[in-house]
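Survey of secondary and tertiary structure
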Amino acid sequence: MVEVSPKFVGKDVEVWCKAIAHELAVGEIIWAFVSASDTRPATIATVITNSRIAGFYPSVRASKRLPTEVPGDRIRSIEFPSIGDKTHMTVLTEDGQTDFGEIDPADIDFARYYVEYLRNTTTDAHTAIPTEVGSATEEPPVVMSPTGPGSTKLTFVKQEDPTGPVSIAEPAHVLAEPSTPADVDGPPSSSVPALSPKIKEKKAAKWTQAITPDLYAGESIWAFVNAARFKPATVATAITNARIIGFTHFGQTTDKRILLEVAGDQIRGLDFSTKGGLPHFRIQTDAGEVDFGSFDANEVDFARHYAEYLWHNGIDPVAQQAAMQQRQEAVAAAGVRNTWLRQRDAIPVFGTAMKDKWWDDISRHSRPEELPWFVINSGMEGRLVAFEDRLLISKKGFMSASLGGSRETIFLYSDITNIEYNSGFMNGVLEVLTPSYQGTANHDYWRSSGKSRNSASDDPRTLSNCLPLIKVTYREAQPMLNELQQKIAASKRTQVIVHHASDSVQPAGPAPVTGLADELAKLADMHQRGILDDDEFKAAKGALIARMS
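Residues numbered from 1 in each chain as written. Predicted model: local features only at pLDDT ≥ 70, side-chain atom pairs only at ≥ 80, totals over all residues. Heavy atoms only, no water.

This next bit is on the side chain of Asp291. Counting through the fold element by element, Asp291 comes out in strand 18 (residues 288-294). A polar atom in the side chain of Asp291 sits 2.9 Å from the side chain of His280. A polar contact of 2.8 Å, which involves the side chain of Asp291, links it to the backbone nitrogen of Gly293. Among residues more than four places away in sequence, those in contact with Asp291 are Arg229, Leu260, His280, Phe281 and Arg282. (Helix = DSSP H or I, 4+ residues; strand = E, 2+ residues; numbered from the N terminus. Polar contact = N/O pair within 3.5 Å; in protein donor to acceptor, adjacent residues only side chain to side chain. Contact = heavy atoms within 4.5 Å.)

This paragraph deals with the nonpolar core. Within the largest apolar cluster, 25 residues are counted, with the highest numbers of intra-cluster contacts made by Ile239, Ile244, Ile267, Phe281, Ile283, Phe292 and Phe295. Those elements that provide at least two residues to this core are strand 11 (221-225), strand 14 (258-263), strand 17 (278-285), strand 18 and helix 5 (300-313). For this core, the element with the most residues is helix 5, which contributes eight residues. Those residues in contact with Ile239 that sit more than four places away from it in its chain are Ile221, Trp222, Ala223, Val225, Ile244, Phe281, Ala303, Tyr306, Ala307 and Leu310. (Core = buried A, V, L, I, M, F, W, Y, C linked by side-chain atoms within 4.5 Å. Buried < 20%, exposed > 50% of the residue type's maximum accessible area, 1.4 Å probe, protein only.)

Among the five residues in strand 26 (residues 466-470), four count as buried, and that is most of the element. With five bridges joining them, strand 25 (residues 427-433) and strand 26 adopt antiparallel strand pairing. Note on strand 26: the bridge partner recorded for Gly428 is Leu469. (Pairing = 2+ DSSP bridges.)

Within the secondary structure, Val429 is located in strand 25. Along the chain, Val429 and Lys471 lie 42 residues apart, while their C-alpha atoms are 8.8 Å from each other.

Of the residues making up helix 7 (residues 356-364), those classed as buried are Trp358, Trp359, Asp361 and Ile362. End-on view of helix 7: buried residues confined to an arc of 155 degrees, all on one side of the axis. Along its buried surface, helix 7 packs onto helix 6 (317-345), strand 19 (349-351), strand 20 (374-377), strand 21 (383-386), strand 22 (390-396) and strand 23 (406-412). (Arc of directions from axis to C-beta.)

Glancing now at the pairing of strand 17. Counting buried positions along strand 17 gives six out of eight residues, so the element sits mostly inside the fold. Here three bridges tie strand 15 (residues 269-271) to strand 17, and the two strands are oriented antiparallel to one another. Looking at the pairing, Gly269 lines up with Gln284 of strand 17. Across two bridges, strand 16 (residues 274-275) lies against strand 17 in antiparallel orientation. Within the sheet, the bridge partner assigned to Lys275 lies in strand 17 and is Leu278. Relative to strand 18, strand 17 runs antiparallel, the two being bridged by five bridges.

Read across the sheet, five strands follow the order 1-2-3-4-5 without closing on themselves; strand pairing throughout is mixed. Only two strands of the sheet have a single neighbouring strand rather than two, namely strand 1 (3-4) and strand 5 (68-71). Summarising the sheet, strand 3 (residues 45-49) and strand 4 (residues 52-56) pair through four bridges and their orientation is antiparallel. Pairing of Thr46 across the sheet is with Gly55, part of strand 4.

Moving on to a positive patch on the surface. The grouping of Lys200, Lys202, Lys203 and Lys206 at the surface amounts to a positive patch. Looking at where Lys203 falls in the secondary structure, it is placed in helix 3 (residues 201-211). Judged by its relative accessible area of 43%, Lys203 is partly exposed. (Patch = residues over 30% accessible without salt bridge, like charges linked within 9 Å, V, L, I, M, F, W, Y side chains within 5 Å. Areas by Shrake-Rupley, 256 points an atom, 1.4 Å probe, with all protein chains shown as cover. Salt bridge = Lys/Arg side-chain N within 4 Å of Asp/Glu carboxyl O. Lys, Arg positive; Asp, Glu negative; His and termini not counted. Charge placed at Lys NZ, Arg CZ, Asp CG, Glu CD.)

Take the packing of aromatic side chains next. Under the definition given, this model contains 20 aromatic pairs. Ring geometry for Phe110 against Tyr114: centres 5.0 Å apart, planes inclined by 45 degrees, an arrangement best described as tilted. Pair noted here: Phe110 and Tyr114 are both in helix 2 (residues 108-120), with a separation of four residues, about one helical turn. Among the aromatic residues, those joined into a cluster by ring pairs are Trp31, Phe110, Tyr113, Tyr114 and Tyr117. The residue whose ring lies beneath Arg243 is Tyr216, and the NZ or CZ to ring-centre distance is 4.0 Å. Against the face of Trp358 rests Arg383, its NZ or CZ located 4.2 Å from the ring centre. (Phe/Tyr/Trp six-rings, centres within 6.5 Å; stacked < 30°, edge-to-face > 60°. Lys NZ or Arg CZ within 6 Å of the ring centre and 35° of its normal.)

See below:
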């Protein structure tokens, strides 16, 4: 049985036992926890077993869980000297002394008793546990009574043939039977999730419908617990045959609904200690603690029942296989995502730094595996995004005169007639001109200040073809805008394809003989009709004269 010193009366030390279980030798038994703690190395308590005294810290790293220890056969005496205004617990050995840190004066007799008993007996794994504070040389019976009101006791022995990562004997304090047909000897038999005392059936039905698409193949919901938290914002906790899930039913996708999760094979301990007047549902893992939030004290036994069953019996094999496959797919997707992020970070961005949500807006307008050529970001005013064949002007929220909405417009290069920038001393407006959007007025912020944005025809935030842009950012982006003008001009250029007859093809009859004047007349006609622009006409004319000469 595990005893706690008077300072720890009422403390749930079960999670401590499970945290250090991996560090125990085979057959080693935890006798008691004492309030002696130190800062270097960091410990929160001192544990006394049937073979040693050790300072304890609930670290995720095994090397830091028991940073200070003294084997029982090396103990020569125990002292409680005063250092400053604090009392310390010091164990003397042949090599010197080990200070286990500050101890509450009320715990001194309790600590002295267990340390003296350990010193005066052997370190055999089956040494009997003392019954009460008294003679440390008298062998007591194995079962003892609490030494004070509220003593917490549970059997905790590391077995020689463990059935799992940690083998834990049946607790001395038996959990209350939860309101469910399940028992600890088998998984819940009902297909309907069991509900903790604070959850209504109607609400549970809504939750089940919301998260069922997010479950693995073979995964089923055992129970709902009313444990919830604010950040991330969850509404409850579900315990399945594969994991414990903190979720919300408001999300549109799995990653927006499943906000917290711990797989059954990742559980290393449970903690239901009180914080802010309410117990919290905490799961210990190798990576640290996961807090699923606060809940009613009447739900603790219910939650403990299902969480411990999942912990000690493991993940359902079918669900585990599906979970492994999903994790592999997630790793592959993360690799693709990381590659895309590296490519995205190489895109020239002018103006303020881009946010992920703005990149997501751009992705919705991109073709598969397409990335923008460059981006001009005017922050809350919007963004101009240049692709290889088109422009996107994107404006979000109230700055676009659309509270909660957006203005997003695509301009093909072949439709753009010009790009203008009109500015004052510091601010300006970048305007994309097309046959549908003509630059008939100077758009500014102040001309229509007495009107609402949707009524102000000159407000550059309202117009889909305008982007408010400070002069500094425009000058930074001007080289890219010059290249953009060239791309726009190239998109309008008519391509003339000349087919040359193969030398091996014999004409059916003699080709008509034409002179230089006839050919020049044809080129002039094409130029007049707009088929050839000035540059193309000059080039074709020069080539013709050279060939005919």
